[in-house]
Amino acid sequence: MKKTFFLSFLAAAGLGTAGHFLYALWPNALTALIAPVNEGVWEHLKLLYFPPLLVFLFLSLRTAKPRRDFWSGALYGVLLGPVLLTSAFYTLTAGFGVRARPAFDIPLYYVCLAAAWICAFGRIESGGAARFLGALVIGCGVLGAAFAVFTAAAPPLPIFLPA
């Protein structure tokens, strides 16, 4: 399981890194939905949502874990990543005056992805989130819908503005 954990993390990190440039290379409505269209915090949350979801979808086809345990842990991680990034970014920038720049943003992305990945695999192994599967599915659906809505019509709030 450790090899699967590490390789799947690398796959999600690689997809997220590549996804950062997807809209610039191929601008259209589909890539706008799944990739950042500007340098705003909200847009970068997509990189902690769509690549892990895709990797977990692939892993779900190959796992021996009960589906309920697998998906509850996976969706827990998918929801946790954006929460961690938003919390850490605003704590560091607004709370401690750290200036957002690539030398800060890129490591923060990988740290939040790694933390979400560790928590997801912990929940997959333990089955500890299985009783919340319905709420996790709804939460992931709401977040996915929010990406669609706020990509098309972002309100003038700081989280949606380019950094």
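Going by the structure above, here's the rest.
Quick look at the structure, then. (Residues numbered from 1 in each chain as written. Predicted model: local features only at pLDDT ≥ 70, side-chain atom pairs only at ≥ 80, totals over all residues. Heavy atoms only, no water.)

Once that is clear, we can look at helix α8 (residues 133-152). In this model, α8 (20 residues) spans 29 Å end to end at C-alpha, consistent with the 28 Å of a helix rising 1.5 Å per residue. Of all the residues in α8, the buried ones are Leu133, Leu136, Cys140, Leu143, Gly144, Ala146 and Phe147. For α8, the angular spread of the buried residues around the axis is 155 degrees, confining them to a single face. Turned more than 90 degrees away from the buried face of α8, the exposed residues are Ala135, Ile138, Val142 and Ala152. Along its buried surface, α8 packs onto α3 (29-34), α4 (41-45), α5 (50-60) and α6 (67-96). (Helix = DSSP H or I, 4+ residues; strand = E, 2+ residues; numbered from the N terminus. Expected span 1.5 Å × (residues − 1). Buried < 20%, exposed > 50% of the residue type's maximum accessible area, 1.4 Å probe, protein only. Arc of directions from axis to C-beta. Contact = heavy atoms within 4.5 Å.)

This part is about the nonpolar core. Counting residues in each nonpolar core, the largest one holds 37 residues, and the members touching the most others are Phe56, Leu113 and Trp117. Residue assignment for this core shows that the elements contributing at least two residues are α1 (2-20), α4, α5, α6, α7 (102-126) and α8. Ranked by the residues each element gives to this core, the list is headed by α7, at nine residues. (Core = buried A, V, L, I, M, F, W, Y, C linked by side-chain atoms within 4.5 Å.)

The next subject is the packing of α5 against α6. The description of two helices packed together rests on the angle between their axes and the distance between the axes. Between α5 and α6, the least distance of the axes is 10 Å, while the angle of their chain directions is 165 degrees. Relative to α6, the element α5 is oriented roughly antiparallel. Relative to α6, α5 is oriented so that their crossing is right-handed. Note on element contacts: α6 touches α5 through Arg67, Phe70, Trp71, Ala74, Leu75 and Val78, opposite Pro52, Leu53, Phe56, Leu57, Leu59 and Ser60. (Axes fitted to C-alpha atoms, helices over the stretch in contact; angles between N-to-C directions. Parallel < 35°, antiparallel > 145°, perpendicular 65-115°, else oblique. Left-handed = near helix turned anticlockwise from the far one by under 90°.)

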